[in-house]
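# A closer look at the structure
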Amino acid sequence: MKKRFKPPFLARWLLQKMSYYDKKHSISGDFEESYKAIASEKGRFSAGFWFWSHTFQTLTEYFRFSISKGVIMFANYLKITLRNIKKNKSFTIINIFGLSSGIISCLLISLFVMYELSYDRFPEKADSIYRVVLERKYPDRTRHWGWTATGLADDVERDLPEVVQATRILNEMGETQISYDEFKYIEDKVLYGEENFFDFFPVPFLAGDPGTALRDKFSIVLTEKAAGKYFGDEDPLGKTMLVRNRWADNIPHVITGVMKEIPKQSHFHCDFLLSYNSTRVSENPQWGYWQVFNYLLLQDGCDPEIVEAKFNDVIVNRYIAPLIVEDGTTTFADYLAAGNAYNFYLQPLKDIHLKSMIEHELEANGNITYVYIFSIIAVFILVIASINFMNLSTARSVNRAREIGVRKALGSFRKQLITQFIFESVFMCAVSLIIALIAAELLLPVFSEFTGTVLELKYFSNIYIIPGIIAFTIVLGLVSGSYPAFFLSSFDPVSVLKDNSRQGSGSRIVRNCLVVFQFASSISLIAGTMIIGNQIDFMLKKDPGFNEEQVLILSNGDSIGDRIPVFKEELLKNSSVINIGGSGQYPTQATHTAHFILMETGNSASMYNTSIGFDFVETIGFDVIQGRSFDTRYATDSSAVLLNETAVRVLGISDPIGKKFQGFRYPITIIGVLKDFNFRSLHRDIGPLVIFNTRDRRASYFAIRVRSEDIRDTISYIRNVWDDLTGRAPFNYTFMDQDMENWYSSETKTGQITSVFSMLAIAIGCLGLLGLAAFISEQRTKEIGIRKSIGASMWSIMYLLSRDFIKLVVMAVMLAFPVTYFIMNNWLNNFAYRTGISITTFLGAGLLTLIIAMLTVGYQVVKAANSDPVKSLRYE
Amino acid sequence: MGVLTFKEEMILAAIWKLGGSAHGVPIRDKVIEISRKNIVYGTLYNSLEYLIRKGYVESIKGEPTPERGGKSKTIYTITVSGKKALMETKEMHETIWQDMPDLKPGLK
């Protein structure tokens, strides 16, 4: 009978789950009583129905109740937290300031890293686009070439079914003069692209049809910005511009399109895009002419390795081998056996910016190593800031031991105490985060300019960002708050209330470990900054093999044409002009290579080549170590060349003077050897170099050595001569030493960023140390008082207090050394010419940290050591 | 002093009508009887929770009885201030209804 009246089991279980109702209001009993009454009156089924429906309705009431109760609890935790913050203002400020600067740094660096990582994402098919590059092996060295053959695109598109499309980009190495009406400028951002360029790189058009814009010979597409520069508000479409460079001599080009700027995060940029069909190389695609970038669009999901394999099997044998065996002196197999090789490989478009470190890039690329370095810095700073937070909370917690004791004695549960501490820590994190986000928003423009990027905080661009930020705050709060929370709540109220001196010792080891880690990170950052600085200094100060100071470089030298002797003569009339020489490429640069064979011995080598005019060697200050340089007095010098030391070595000859190279229209005689100089940045080693004579018939650049006084007057004098001779052609000049500094701009930037952030790391670390020192001296107030009253000197007390810190810093140095050495050595290996890492760097960094730490601690220590023992002993 | 809501007023009145102290089941029955509307235990508890916090009602655990399947019961007792609040509410009602013109003639 009784059993039949049992209410539904599941509903009863639900009722019990509403534990608060059950405990406070005896819900199960009330329900069962009502159930029984209804059951005996109306029967079991309607009672069961009643039971279920009321259980559910009660459940919703319970939820409502729980939420309002949660709000009340939250308000209570918040009240205690705010009370604590008010009580410890300076501590709170240190803590929040440290944490928020940590978050700001981490945020800014992350944005920068994300920016670097998201290059070349704008083409829809970015995942299937690859650039063909070549690993060229010679018997004695290996080179990586970005430029590949002009014939590659057509043949590969036809021969390999995996390749959907191929496109070529040609970058104009010299300068291009573009004019419209009276507007005439020298443009250096000019590229040649094929008809299908925009299939690969879909830059939005403002006018014109991207599908056909580059189809016709002598068509030109310009960017919005360039259009504004030449045409203002006029519609440029259909107008003609005159283009003058090595492919065209003032040839009219028709504007077929206006495009938006190429996105900043692209591995190349240009203001003008000309039809590739306008160039001479387009008329005769061949495998012997290597000067274009070849991009391939592979079929969706096609494995690039398959294509690479085919390249090195089919393509090399079909097209490269015939070139090698052309003269019949060797077979391709023998050629390979001698240590030569053509290994083509495909670079994914998205990797070009960070991972491609080859010759002839379209633009200076980023470097994945910097991304790693910055990421490490970001993590370090955040960890340092979090450790600070933990350390300060833990240290201060000892002062709160009594509060805990009293609260425990009054019946607080441990769970409530833990919640209170975690709540405080999450609350502080949230406050720091909000401050950090506001500050980051304000600092972003400055930081963007500093790094040369366009960074944005886009909270809504990604659904993970806001939950991510919230999760980050909570996790950081939990982690930083967990140690004090669990450690403190475990206090035994009796012993805490009786005597609190013992409580600190348990946490000391943990705290010291954290401090050591913090300082090790700071020292690594300082040492890293110093090493980067050393390397930059080394590169800037290393003798390049010529004197780059007080040298003016004039570009657009082609405007002078063949009147170079007149130009030189006119300039030298001014006593401030010491010397002048023309050159075919930017002075001291050489980007092209060719194959040279010695007539006498048959020795051959592939070498860089460039060309210079008379007096150039003297102007720049190269050392002639054998023979002589070009001289107008010898008529035969028109067919003479100079070599550098490396070239002599590569050719394997001992007496180069008078030897001839074959294979040119007339034999070319070696008349001198120059001491090796860096014709490229120090990222690369010095290669073999052959220097031709322009015979002062033509020069693209002029190097002019001037006296240091009255440079302004000298330049205006040069300008007058220039204007007279060229009829006011664009006059562009730079200083050679500044240009050379720009070679290392990426390193300088890295150096600046790391130094700013390592200073920040130190500052954050010291904030923590300051708090810690204050805490420790407060803890030992009584001890210091007693020591002083029995006659300890101030110095001995200072020694006593600072000894611990010194120990920690020394340990940190030892920890920092191997990690930093490993990372920085890796970075330095990027350079052909690099400094070493000396132990003194680490000692210096350690000493610096120690001094800063001592200064921070010193204030507290002196204060403690100077304190009046009577007062400190009365502290209780 | 806070004004009681209609629901709270009914619950206090129910307890007082039940002799100043009662457990959940009779209180609910009484409230249903007064208001002629169903009320869920959860709603009742939430209002009681408020009345307890305000100090109008006190709750103690009572002995379990057999008709409750051996489950314990909570007995709610109205306090002095609870009585005062009820009285003041009553006075307020009387003030509202004082000198009230007859409502019926206006109805159609």
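Before reading on, note that the structure itself is shown above.
Presented here is a report on the structure given in the accompanying data block. For clarity, every value in this text was computed on a predicted model and none was experimentally measured.

Following the criterion strictly, the structure yields 47 aromatic pairs over all chains and no others. Aromatic side chains phenylalanine 112 of chain A and phenylalanine 447 of chain A sit 6.5 Å apart centroid to centroid with 80° between the ring planes, which places their arrangement in the edge-to-face category. Pair noted here: phenylalanine 112 of chain A is in helix α5 (residues 89-117) and phenylalanine 447 of chain A is in helix α15 (residues 414-451), with a separation of 335 residues, a long-range link. We classify phenylalanine 112 of chain A as buried; its relative accessible area is 6%. With a centroid separation of 6.2 Å and an interplanar angle of 50°, the aromatic rings of phenylalanine 616 of chain A and phenylalanine 622 of chain A are classed as tilted. Residue phenylalanine 622 of chain A is classed as buried on the basis of its relative accessible area, which comes to 7%. Seen from the ring of tyrosine 634 of chain A, arginine 628 of chain A lies directly overhead, with NZ or CZ sitting 4.0 Å from the centre. Positioned above the aromatic ring of tyrosine 41 of chain B, the side-chain terminus of arginine 28 of chain B is 5.1 Å from the ring centre.

Each partner contributes residues to the interface: chain A has 23 residues there, and chain B has 26 residues. Both sides of the chain A and chain B interface together cover about 2000 Å² of buried area, and 48% of this is carbon and sulfur. When residues of chain A are sorted by the area they lose upon contact with chain B, His25, Asp30 and Glu33 of chain A head the list and together hold 29% of the total. For the interface between chain A and chain B, the tally reads 0 salt bridges. Viewed at the interface, chain B and chain A are joined by 15 residue pairs in polar contact (both at pLDDT 80 or more). Taken together, the elements giving at least two residues each to the side of chain A that touches chain B come down to α2 (19-25), α3 (27-42) and α4 (44-87) of chain A. Across the side of chain A that touches chain B, the residue classes tally to 7 nonpolar, 8 polar and 8 charged.

For the rest of this paragraph, the subject is a nonpolar patch on the surface. On the surface, Phe460, Ile466, Ile470, Ile474, Val475, Leu478 and Val479 of chain A cluster together to form a nonpolar patch covering roughly 640 Å² of accessible area. Of note, isoleucine 474 of chain A is situated in helix α16 (residues 465-489).

Definitions and cut-offs
- Residues numbered from 1 in each chain as written.
- Chains lettered and ligands numbered in written order.
- Predicted model: local features only at pLDDT ≥ 70, side-chain atom pairs only at ≥ 80, totals over all residues.
- Heavy atoms only, no water.
- Phe/Tyr/Trp six-rings, centres within 6.5 Å; stacked < 30°, edge-to-face > 60°.
- Helix = DSSP H or I, 4+ residues; strand = E, 2+ residues; numbered from the N terminus.
- Buried < 20%, exposed > 50% of the residue type's maximum accessible area, 1.4 Å probe, protein only.
- Lys NZ or Arg CZ within 6 Å of the ring centre and 35° of its normal.
- Contact = heavy atoms within 4.5 Å.
- Buried area = accessible area lost by both parts, 1.4 Å probe.
- Salt bridge = Lys/Arg side-chain N within 4 Å of Asp/Glu carboxyl O.
- Polar contact = N/O pair within 3.5 Å; in protein donor to acceptor, adjacent residues only side chain to side chain.
- Nonpolar A, V, L, I, M, F, W, Y, C, P; charged D, E, K, R; others polar.
- Patch = residues over 30% accessible without salt bridge, like charges linked within 9 Å, V, L, I, M, F, W, Y side chains within 5 Å.
- Areas by Shrake-Rupley, 256 points an atom, 1.4 Å probe, with all protein chains shown as cover.

Any functional reading would require information that these geometric values do not contain.
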